[in-house]
Amino acid sequence: MRGSTFIETLRRAWRSTIMWSAGFGAYGLVVVAVLPDPEGMKKMAEALTAVPAFVWQMVGVQDVSVLATTGGFIAFRYFLTASVLLAVWAVLTGMNITLNDESAGISNMVFSLPISRMRVQLEKFAAYLIPCAIIPLSGVVGLMAGMALNPHAATDLPPLVFSALALVSVGMLIMCFTALIAVILPRKAWVASIAGGFVAVSFLFNSVGGMLRSDLGTAMQQFSVFHHSDASRVLLNGFPLVAVIVMLIVAGALMAASTRLFMNRDLAG
Amino acid sequence: MNSNHRSTETGTPVIQAHGLTKAYGRGGPLALNRLNLDVYQGEIFGYLGPNGAGKSTTIRILMDLIRPTSGTATLFGQDVREHAVEIHRRIGFMPGELNLWPGRTGRDIVVYFSKVRGGVNPNVIKQITERLSLDLSMRVREYSSGNKRKLGLLLATMHEPELLILDEPTSGLDPLMQQTFNDMMLEMRAAGHTVFLSSHVLSEVQTICDRVAILRGGVLQAVESVEKLTHADFQWVTITFREPVSPSHFEGKNGITNVTADGTTLKMRVAGDFDAVIRAIGSDYVVNMKVHEPTLEEIFLAYYGEKPVTHLAVAS
């Protein structure tokens, strides 16, 4: 039956989805709940100016005064961490597409069923898109809850949702990249190392690129998935539609490549 | 000889392998070397060989889990790779090592497999579950190895497949459940279905299989009906004399080998006619004389010559 693997994948993923979502939500709530009052924000921004500018640039903050605003504070404190955490989720989930079942020897039984390898993969990809969207959006719910608790915290909802949606494309891209590596090198340690390395290098490109403030730095940032989903840029420039579309296209290409390779190779087992 | 066996070396071929070869890695040793095999509809076919002989490799190619280096394999006349989905609708499979999601219950997995297959009769699931005394409410991690085999057997048979492909199906099953398994296979055959099972337990193959293939080092050594194999060209003769007789009276005579003495009893392997035995007995008084057909194990060892078959298991 069509969709059986999609539903089964969701059934197996719901517990971890709830845990990750709760974690994102709780973190969002805490970040906003501890937001200082306007006077405190101002003092904090003044104190932060004592830190060398390149340090802030390394973590994507081009203008420290932005941190004195609720949106800027959330972008820095919440979305920067959330993007890294979602990258971790994406690596773990990318390993779930084929690698975990294959290394556990479960694929032998799954592919004895009248279902093609392509369908299994595509239904799994489709199923994991749901937690990939739910988890960052749960963070927004947490942020909103925090704003309800903290009278000093107030910002517009759309930029927060846009920032969360930009994270979805990052999660998808990293998940698809990991899935591709898992098809090429079906060993957990290798896949975790390479996908983790990809996340680390991408983060580094964004940090170092921001610090350089030159053409080279700009070029480095263009290759970082974290740059395109940077919440401080989303708050300033709005939803990065082109970057998100490009990341989704790249994710789709990686998914297609992994599906194609998986169809044509031996299963471990 | 068990009356369960029947001659089925005719009819529609269900499994066909032509020149099937598999090498793992470039220039690596051949796990399977130009295998040619035909398995016909309505037979129980045993695939024998010690560990590492290439049994699981053959099965994994037939299931399209791995791809052959060269050669072709067809099930129901269709290429196993090109028509995998259509073929898999018609077959049931149990791998040598059954692994499933440890946190899921047996029922969860049965439901999932039923949904993917579609059209599985719940009454059949119920019947097989009861017959195997299987508790589907347990999580996979809680199942013993025997219960895992039962779950695998349920998953392989619940859709009443035309062809069953089973890799070492009875390992871990208790004797009572082995009998149930044998009965199920014989019923499958009676219904016109085909069973292809690999094993290194010779007695189970001898009990239910119509034909067997013997595989060694990836090379097919022989394909023969169990009936013919057990009527091989040698037999064991045990003679009890009134007085002790020296084995040297028999050893080296035409077709007589492996003569051993135990008090007044001599046991010997006799190939060909019995004339040499009768002549060697001469005037000695014979109290009793028995002729045994060789077991499949002995035939198996004969095919393997003097090289040790260390992983060969013989169920008692």
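Everything discussed here concerns the structure shown above.
Per-chain numbering applies: the sequence of each chain, read as written, is numbered from 1 onward. For naming, the first written chain is A and the first written ligand is 1, with later ones following in the order written. Residue-level local features of this predicted model are given only where pLDDT is at least 70; pairs of side-chain atoms are given and counted only at 80 or more, and the full residue set underlies all totals for whole chains, interfaces and linings. Calculated side-chain values reflect all of the structure's heavy atoms, with hydrogen atoms and water omitted.

### With respect to the packing of helix H4 (residues 70-97) of chain A against helix H9 (residues 188-212) of chain A
Residue and element names in this part refer to chain A. Closest axis-to-axis distance for the H4/H9 pair is 10 Å, and the angle between their directions is 155 degrees. By the criterion of interaxial angle, the relationship of H4 to H9 is roughly antiparallel. Considering how the two elements wind past one another, H4 and H9 form a crossing that is right-handed. On H9, the residues that touch Leu-80, Val-84, Ala-87, Val-91 and Met-95 of H4 are Lys-188, Val-191, Ala-192, Ala-195, Val-199 and Phe-203. Three residue categories are used. Nonpolar comprises Ala, Val, Leu, Ile, Met, Phe, Trp, Tyr, Cys and Pro, charged comprises Asp, Glu, Lys and Arg, and polar comprises the others, including Gly. Partitioned by chemical class, the residues of the contact of H4 with H9 number 10 nonpolar, no polar and 1 charged. For helices, the fitted axis covers only the stretch in contact; all axes are lines through C-alpha atoms, and the angles between them, taken along N-to-C directions, range from 0 to 180 degrees. In this description a helix means any DSSP run of H or I spanning at least four residues, a strand means any run of E spanning at least two, and both kinds are numbered starting from the N terminus. By definition in this entry, angles of less than 35 degrees are roughly parallel, angles greater than 145 are roughly antiparallel, angles of 65 to 115 are roughly perpendicular, and the rest are oblique. By convention the crossing between two helices is left-handed if the near helix lies anticlockwise of the far one by an angle smaller than a right angle, and right-handed if it lies clockwise. Between two residues, a contact is recorded if the distance between any of their heavy atoms is within 4.5 Å.

### So, the pattern of salt bridges
Should the charged atoms of two oppositely charged side chains come close, the side chains can pair. We count a salt bridge whenever a side-chain nitrogen from Lys or Arg sits within 4 Å of a carboxyl oxygen from Asp or Glu. The final tally for this structure, using the stated rule, is 17 salt bridges over all chains. The closest approach of N and O atoms between Asp-101 of chain A and Lys-124 of chain A, which form a salt bridge, is 3.2 Å. Here Asp-101 of chain A is found in helix H5 (residues 99-103), whereas its partner Lys-124 of chain A is found in helix H7 (residues 117-149), with 23 residues between them in sequence. Between buried and exposed lies partly exposed: a residue is buried under 20% and exposed over 50% of the maximum accessible area for its type, with that area taken using a 1.4 Å probe on protein chains only. Look at Asp-101 of chain A and you get buried, because its relative accessible area is 11%. Between Asp-210 of chain B and Arg-189 of chain B there is a salt bridge whose closest N-O contact spans 2.4 Å.

### Observations regarding the sheet that holds strand S7 (residues 163-167) of chain B
Strand pairing in a sheet relies on backbone hydrogen bonds, with the paired strands running either antiparallel or parallel. All names here are of chain B. Strand order in the open sheet formed by 6 strands is S6-S7-S8-S3-S9-S10, with mixed pairing between adjacent strands. Single-partner strands in this sheet number two, and they are strand S6 (91-94) and strand S10 (219-225). When strand polarity is set aside, the average angle formed by the axes of neighbouring strands in this sheet is 15 degrees. Two strands form a pair only when DSSP identifies at least two bridges running between them. The pairing of strand S3 (residues 44-48) with strand S9 (residues 211-216) spans 4 bridges and is parallel. Note on S9: the bridge partner recorded for Tyr-47 is Ala-213.

### Let's talk about helix H13 (residues 241-263) of chain A
All names here are of chain A. Any helix carries an expected span of 1.5 Å times its number of residues minus one. The terminal C-alpha atoms of H13, which comprises 23 residues, lie 33 Å apart, in line with the 33 Å expected from a rise of 1.5 Å per residue. Within the sequence span of H13, burial applies to Ala-243, Val-244, Met-247, Ala-251, Leu-254, Ser-258, Thr-259 and Phe-262. Structurally, H13 contributes buried residues whose contacts are with H5, H7, helix H8 (157-184) and helix H11 (225-228).

### A closer look at the side chain of Glu-168 of chain B
Topologically, Glu-168 of chain B is positioned in the loop between S7 and helix H6 (175-190). Each residue touching Glu-168 of chain B, except ones within four places of it in the same chain, is listed here: Lys-55, Arg-149, Ser-198, Ser-199 and His-200 of chain B.

### Digging into H9 of chain A
All names here are of chain A. Helix length check: H9 (25 residues) gives 35 Å between terminal C-alpha atoms against 36 Å at 1.5 Å per residue, within 8%. The set of residues buried in H9 consists of Val-191, Ala-195, Val-199, Ser-202, Asn-206, Ser-207, Gly-209 and Gly-210. Phi turns positive, to about 50 degrees, at Arg-213, one or two residues after H9.

### Brief notes about the interface of chain A and chain B
Counting residues at the interface gives 28 residues for chain A and 25 residues for chain B. A simple way to read buried area is as the amount of 1.4 Å-probe accessible surface that goes missing from two parts once joined, with both sides added. In this assembly, chain A packs against chain B so that about 2,600 Å² is buried in total across both faces, 56% of it on carbon and sulfur atoms. Summed over the shared surface of chain A and chain B, the result is 3 salt bridges. The residue Glu-8 of chain A makes a salt bridge to Arg-104 of chain B at a minimum N-O spacing of 3.3 Å. Residues adjacent in sequence count toward polar contacts only when both atoms are side-chain atoms; beyond that, a polar contact is any pair of N or O atoms within 3.5 Å, and within protein one must be able to donate a hydrogen and the other to accept it. At the boundary of chain A and chain B, one finds 17 residue pairs in polar contact (both at pLDDT 80 or more). Among the secondary structure elements, those contributing two or more residues to the side of chain A that touches chain B are helix H1 (4-33) and helix H6 (107-110) of chain A. At 5 residues, H1 of chain A tops the list of elements feeding residues into the side of chain A that touches chain B. A breakdown of the residues in the side of chain A that touches chain B according to their chemical character gives 12 nonpolar, 9 polar and 7 charged.

Everything listed here is a matter of coordinates, which is why it stays silent on function.
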